[in-house]
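# A closer look at the structure
Listed here are the chains, written in short residue letters.
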Amino acid sequence: MEVVKSVYTKPVGEDIRGLKNSTWLRQLSPYFYILPAGFLFCLIYLYPLTEAIRFSFSKATLLGFVSYVGFDNYLGLLTPEFGSTLARTGILVIVCVPGIIILSLIGALLLNQDLKLRGLLRALVLVPWLIPENLVGVIWGWFLHPWYGIANGLLLRLRLLSTPIDFLSPSNAMLSVIMMRIWRGTPFATVAILGALQSVPQELFEAAELDGAGPLQKLLFVTIPSIRPILSAVTLIMVTWTVIIFDMIYALTGGGPLNVTSVLSIAIYKKAFLSNDLGTASAMAVIGLIILLIVNYAYFKLERREAS
Amino acid sequence: MKTRVGRILIHIGAIAFVIYLLLPVYSAVIAALTPESKLGAQLMIPVYFHWKNFVDMWKVIPLGRQLTNSFIYSIGVSCIILAVATPAAYALSRFKFSGRQVFLFGVMVTQMIPLIILLVPVFVMAAKLNAINTYAAVFVTAAATGLPFPILLLKGYFDTISSSLDEAAMVDGCTRLQAIIRILLPLAVPGLVSAFMTTFILGWAQFIIPLILITDTSKMPVTVGIYRLLGETTIQWNLVMAATLLSVVPPMLVYLVAQRRVAAGLVMGAIKE
């Protein structure tokens, strides 16, 4: 935390304005600019979050607070059910995030080459990102439809399958959710990595070439280290977004069948809105937030160590 | 990779990558052009060109009403975000003040909270204010959730504009506000445009917030409207896909108009700091 009392970054003009404004007013002025945003955050995040934390220690329903119960809600989460919710969320993150990063890195490296129609291809990459998240779930519901869907149609025509598979059956649904998540995350990561690739100084490659480096060595020892800050930032964002993912899965599977795709946000939704148990739902959300804070903290520690 | 074969392989790879990203959308296009009775054929290319789907879909859901609503939500959310994010970004770019780091940390934490759990207290609050089923409730809630990225995006943009410009204006007798309005904002128009476009796309994508705060069907956005079609006993996938495709046209158009800006805005707001 910074303890800074000087208000102006640049003292120019201070003398002139100082004659009119008192010092304390000038010290307050940054807060005037930040006030509307701060108010909005307090209204929609800070207050509801404190409520959620309070509910997590309470018996509460959608109608509101009933009574304080101490840690009962948290203790009540020590069940295999919540364990598997966290495990499913973990699997989603552990499979999807590396999947997104590797796929996007390959895509970005390809699109960074001298291609015909490069502009068009790059423009098309972002299409999945422009679709509202819940409609991604709707489109995938059609794409993976057991009888009509193109996914089955394609696999059958390529003779990779002899009979159509039910992508949304209890045994396959999680895999389908993973594929959808990777698909949706890839455009963002590709565009971010592509931006980083374009800013790698060309001289580095020339120097590496003079030293006799081949394409693979250039990739491993020049490209990847140069874009590492972006790669890790994208990774962190993808981890965060995947932990709190909701719309897409809600629209594709609703967490089913038999809860096999019931990841954190879906489980919270079900507890709060279907079981009317706001206390337990809030405790789940608090645990999710704590996990993400730890992940983010670890990331910034690592980043700082890398930077120094 | 300067050989001919290498170049061809790179082209194949790049095209395959783009096809992968378009395939599910392409499958939606096929469905939207196929009569319902022929959906079972699992077509790979559209052969029927049954444009009537795009006529019939208006009868299944009040699509016109819902698209208008989505448009209202998008514009409202974007306007609030710009009005609030611009001064905040200005403060973060031009001032050092105690609490700055706390603010930035808070902005980051907002991204880590499952939105769904916040919506219960927000719902209770909105109910007390008699704001359930009002556009304003969705504007405010969605604007708050979409605020962090535009703030960081605009802060980054303001940082690239030398502060000596607005300070010179202040030396010449402008007040700080005048310096912002007359000097800084005109220079920041490209940044403001990209912030507006990205927030428009975000506003268009709103789903759980209106799902919970809006029960009046006449105020539902198209995202919720299409989702509700899936709850019916028989899903007419050809019509659902036609409606879905139509409803992604506005964000696509915004993207087409200012492709580079949107791409930079979407990504950079998220990655800076």
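Residues numbered from 1 in each chain as written. Chains lettered and ligands numbered in written order. Predicted model: local features only at pLDDT ≥ 70, side-chain atom pairs only at ≥ 80, totals over all residues. Heavy atoms only, no water.

### Description of the overall build of chain B
To keep things clear, this is the line we draw: Strands here mean DSSP runs of E at least two residues long; helices mean DSSP runs of H or I at least four residues long; both are numbered from the N terminus. A simple rule labels every residue: compare its accessible area, found with a 1.4 Å probe on the protein chains alone, to the largest value its type can have, and call it buried under 20%, exposed over 50%, or partly exposed in between. Here, Shrake-Rupley sampling with a 1.4 Å probe gives the accessible areas, and only protein chains in the shown set may cover a residue.
Counting its regular elements, chain B contains 15 helices and zero strands. Counting only C-alpha atoms and orienting by the principal axes, one finds that chain B spans roughly 75 × 70 × 30 Å. For chain B, buried positions account for 58% of its 273 residues. Summed over all atoms, the accessible surface of chain B reaches about 11,100 Å², with 69% contributed by carbon and sulfur.

### As for the overall build of chain A
The line we're drawing: Using C-alpha atoms as the atom set, the radius of gyration is obtained and then compared with a globule rule of 2.2 Å times the number of residues to the power 0.38. Just so you know, the count uses Lys and Arg for positive and Asp and Glu for negative, and it drops His and the chain ends. Charged groups are reduced to one reference atom each: NZ for lysine, CZ for arginine, CG for aspartic acid, CD for glutamic acid.
The secondary structure content of chain A amounts to 14 helices and two strands. Against the globule reference of 19 Å for 308 residues, chain A gives a C-alpha radius of gyration of 25 Å, more extended than a compact globule. Summarising its shape, the C-alpha atoms of chain A cover approximately 85 × 70 × 35 Å along the three principal directions. A total of 308 residues make up chain A; the buried ones form 51% of that total. Surface summary for chain A: the accessible area is close to 14,800 Å², and the carbon and sulfur share equals 68%. Here chain A holds 22 positive side-chain charges and 17 negative ones, and the gap between their average locations is 4 Å.

### What to know about the interface of chain B and chain A
To be explicit about the condition: Contact criterion: two residues are considered in contact whenever any of their non-hydrogen atoms come within 4.5 Å of each other. Values labelled buried area give the accessible surface lost by two parts on being combined, using a 1.4 Å probe and summing over both. Salt bridges are identified by distance alone: a Lys or Arg side-chain nitrogen within 4 Å of an Asp or Glu carboxyl oxygen. For the purposes of these results, a polar contact is taken to be a pair of N or O atoms within 3.5 Å, where, inside protein, one atom must be able to donate a hydrogen and its partner to accept one; residues adjacent in sequence count only when each atom of the pair is a side-chain atom. Under this grouping Gly is polar, as are all residues other than the nonpolar Ala, Val, Leu, Ile, Met, Phe, Trp, Tyr, Cys and Pro and the charged Asp, Glu, Lys and Arg.
Across the boundary between the two partners, chain B contributes 100 residues, which contact 103 residues of chain A. Summing the contributions of chain B and of chain A, the shared interface buries around 9,400 Å²; its carbon and sulfur component is 78%. The largest per-residue losses of area from chain B upon contact with chain A belong to B:Phe17, B:Gln42 and B:Met112, which jointly make up 7% of the total buried on that side. Along the contact surface separating chain B from chain A lie one salt bridge. We note a salt bridge from B:Arg7 to A:Asp114, for which the minimum N-O separation is 3.8 Å. Between chain B and chain A we count nine residue pairs in polar contact (both at pLDDT 80 or more) in total. For the side of chain B that touches chain A, the residue count by class is 79 nonpolar, 16 polar and five charged.

### Regarding the pattern of salt bridges
Residues and elements named next belong to chain B. Applying the stated criterion to the full structure yields seven salt bridges over all chains. Of the charged contacts in the structure, one is a salt bridge between Asp-56 and Lys-52, with a shortest N-O distance of 3.1 Å. Residue classification places Asp-56 among the buried positions, given a relative accessible area of 16%. One continuous salt-bridge network, built from bridges that share partners, spans Lys-52, Asp-56 and Lys-59.

### Observations concerning the environment of B:Val18
Structurally, the position occupied by B:Val18 is in helix α1 (residues 4–32). Between the alpha carbons of B:Val18 and B:Gly64 there is a distance of 32 Å; along the sequence they are 46 residues apart. With sequence-adjacent residues up to four places away left out, B:Val18 is seen in contact with A:Leu121, A:Leu124 and A:Val125.

### Regarding the environment of A:Arg228
Residues and elements named next belong to chain A. In this fold, Arg-228 is placed in helix α11 (residues 215–243). With relative accessibility at 29%, the residue Arg-228 sits in the partly exposed group. Between the C-alpha atom of Arg-228 and that of Ile-193, which follows or precedes it by 35 residues, the distance is 9.5 Å. Apart from residues lying up to four places away in sequence, Arg-228 is in contact with Glu-303 and Glu-306.

### So, the pairing of strand β1 (residues 58–61) of chain A
Residue and element names in this part refer to chain A. Which entries qualify depends on this criterion: A pair of strands counts as paired when DSSP detects no fewer than two bridges linking them.
Judged from the four bridges that link them, β1 and strand β2 (residues 64–68) form a sheet pairing that is antiparallel. Residue pairing across strands places Thr-61 opposite Gly-64, the latter belonging to β2. Hairpin connection between β1 and β2: a loop of two residues separates the two successive antiparallel strands.

### Observations regarding the packing of aromatic side chains
Cut-off, in case you're wondering: Planes of paired rings set the category: under 30 degrees apart is stacked, over 60 is edge-to-face and the rest tilted, where pairs are Phe, Tyr or Trp rings (Trp by its six-membered ring) whose centres lie within 6.5 Å. For a lysine, the NZ atom is tested; for an arginine, the CZ atom; a charge sits over a ring if that atom is within 6 Å of the ring centre and within 35 degrees of the ring normal.
Enumeration over the complete set of coordinates arrives at 34 aromatic pairs over all chains. An angle of 35 degrees between the planes, with centres 6.1 Å apart, marks the rings of B:Trp51 and B:Phe54 as tilted. Its relative accessible area of 23% is what places B:Phe54 among the partly exposed residues. Grouping aromatic residues by their ring pairs yields a cluster made of A:Phe246, A:Tyr250, A:Tyr269, A:Phe273, B:Phe207 and B:Tyr227. Over the ring of A:Phe65 we find A:Arg54; its NZ or CZ atom is 4.8 Å from the centre of that ring.

### A look at the nonpolar core
What counts, and what does not: To form a nonpolar core, buried Ala, Val, Leu, Ile, Met, Phe, Trp, Tyr and Cys residues must be joined to one another through side-chain atoms within 4.5 Å.
Counting 188 residues, the largest nonpolar core has A:Leu92, A:Ile131, B:Ile117, B:Leu147, B:Ile151 and B:Met241 as the members making the most contacts within it. Ranked by the residues each element gives to this core, the list is headed by helix α9 (residues 173–198) of chain A, at 14 residues. B:Ile151 has contacts with A:Ala37, A:Phe41, B:Ala85, B:Ala88, B:Ala89, B:Leu92 and B:Phe103, leaving out every residue within four places of it along the chain.

### Section: the environment of A:Pro132
As for its placement among the helices and strands, A:Pro132 is situated in the loop between α6 (127–130) and α7 (133–143). Along the backbone, A:Pro132 and A:Asp247 are 115 residues apart, and their C-alpha atoms lie at a distance of 8.9 Å. In this structure A:Pro132 touches B:Trp204, B:Ala205, B:Thr223 and B:Val248, once residues within four positions along its chain are discounted.

### Comments concerning a nonpolar patch on the surface
All names here are of chain A. The following threshold applies: Nonpolar side chains (Val, Leu, Ile, Met, Phe, Trp, Tyr) are joined into patches within 5 Å and like charges within 9 Å, using only residues with over 30% relative accessible area and no salt bridge.
A cluster of nonpolar side chains, contributed by Trp-24, Leu-25, Leu-28 and Phe-32, occupies part of the molecular surface with about 420 Å² of accessible area. Along the chain, the position of Leu-28 falls in helix α2 (residues 23–56). Taking the relative accessible area as the measure of exposure, Leu-28 reaches 34% and is therefore partly exposed.

### Brief notes about the packing of helix α7 (residues 148–160) of chain B against helix α10 (residues 189–204) of chain B
All names here are of chain B. Test applied: Each axis is a line fitted through C-alpha atoms, taken for helices only over the stretch in contact, and angles between the N-to-C directions span 0 to 180 degrees. The scheme is simple: roughly parallel for angles under 35 degrees, roughly antiparallel for over 145, roughly perpendicular for 65 to 115, oblique for anything else. The sense of a crossing depends on the near helix, which, turned anticlockwise from the far helix by less than a right angle, makes the crossing left-handed and, turned clockwise, makes it right-handed.
Put simply, α7 and α10 touch, their axes get as near as 9 Å, and they point 165 degrees apart. Judged on the interaxial angle alone, α10 and α7 are roughly antiparallel. Where α7 crosses over α10, the two elements pack in a sense that is right-handed. Of α10, the residues touching α7 (which contributes Pro-150, Leu-153, Leu-154 and Tyr-157) are Pro-190, Gly-191, Leu-192, Ser-194, Ala-195 and Thr-199.

### So, the packing of helix α13 (residues 237–247) of chain B against helix α14 (residues 249–257) of chain B
All names here are of chain B. For the pair α13 and α14, the least separation of the axes is 5 Å and the interaxial angle reads 30 degrees. Residues Leu-245, Leu-246 and Ser-247 of α13 form the contact with α14, whose participating residues are Val-249, Pro-250 and Pro-251. The class makeup of the residues in the contact of α13 with α14 is five nonpolar, one polar and no charged.

### Regarding unusual backbone geometry
You will see that A:Asn276, though not glycine, has its phi angle at about 55 degrees, which is positive. Mapped onto the fold, A:Asn276 is located in the loop between α13 (264–274) and α14 (278–307). Unlike most non-glycine residues, B:Asn130 shows phi in positive territory, near 60 degrees. With respect to the element layout, B:Asn130 can be found in the loop between α5 (115–128) and α6 (135–146).

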